[in-house]
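Remarks on the overall topology
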Amino acid sequence: VILVELDYSGAFGHWYEMTCLVSFEPLAPALQKKVDAYGDVIDLMVKSCQPGTRVGDLAPLADERFRELGYPPAGMHLPHAHSIGLDESDGPNSGAFPDDILEADMVLALHPGTLFEDGTGYTMSDLFKVAAGGGVRQSRKDWLHLLAG
């Protein structure tokens with residue numbers, strides 16, 4: 001199992017941030033269940049990426065859903081959402097600036113940063129544009145796990 005995060009950056013900030021989970025065999029049932037939980041949480045976060053939402057509201061939303069799915073949070077290993085500007089602190093950031101309000105057409109890296117009681121926590125990310133009906137994915141990738149082979 002390989003978890004690769006791609007962060008393309010340039011002189012004016014990040015161009016893209018995306019995580020790819022690749023395996024050469026089917027995932028073990030426990031890991032598949034956790035990957036599915038991430039998918040559920042990310043979908044919930046994406047639906048909430050609407051103008052007027054506080055970026056800081058995404059973290060408790062994600063943590064509560066993880067708790068409902070049987071993965072009790074024990075902390076955070078990275079912000080759940082952040083801007084993709086010059087650095088992750090120059091715009092909305094669920095950890096550093098939780099009161100920032102999302103506006104239409106902002107682009108955020110979404111990656112639930114929950115750390116679980118068992119010590120695990122993964123980066124599962126992609127970019128989403130804030131829109132009235134919820135976040136719009138900025139890549140053509142519509143999967144969290146790719147079974148290669």
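Use the structure listed above.
So, here is what we can say about the structure in this document. This one's a predicted model, so the numbers in the text were calculated from it and none came from an experiment.

Quick notes on the rules
- Residues numbered from 1 in each chain as written.
- Predicted model: local features only at pLDDT ≥ 70, side-chain atom pairs only at ≥ 80, totals over all residues.
- Heavy atoms only, no water.
- Pairing = 2+ DSSP bridges.
- Helix = DSSP H or I, 4+ residues; strand = E, 2+ residues; numbered from the N terminus.
- Core = buried A, V, L, I, M, F, W, Y, C linked by side-chain atoms within 4.5 Å.
- Buried < 20%, exposed > 50% of the residue type's maximum accessible area, 1.4 Å probe, protein only.
- Contact = heavy atoms within 4.5 Å.

1. Some remarks on the sheet that holds strand β8 (residues 136-137)
A sheet is described by the order of its strands in space; here 4 strands give the open sequence β4-β5-β7-β8, paired in antiparallel fashion. Here the strands that pair on one side only, and so sit at the sheet edges, are β4 (81-83) and β8. Relative to β8, strand β7 (residues 126-129) is paired through 2 bridges, and the arrangement is antiparallel. Bridge pairing links K129 to V136 in β8.

2. Notes on the nonpolar core
Core analysis: the largest hydrophobic core is formed by 23 residues, its most contacted members being L58, F66 and L110. Counting only elements with at least two residues in this core, the list comes to α1 (29-48), α2 (58-68) and β5 (107-110). If near-sequence neighbours (up to four positions away) are discounted, L58 is found in contact with M45, S48, C49, H80, A81 and L110. Y16, M18, A109 and L127 belong to the second largest nonpolar core, which has 7 residues in total.

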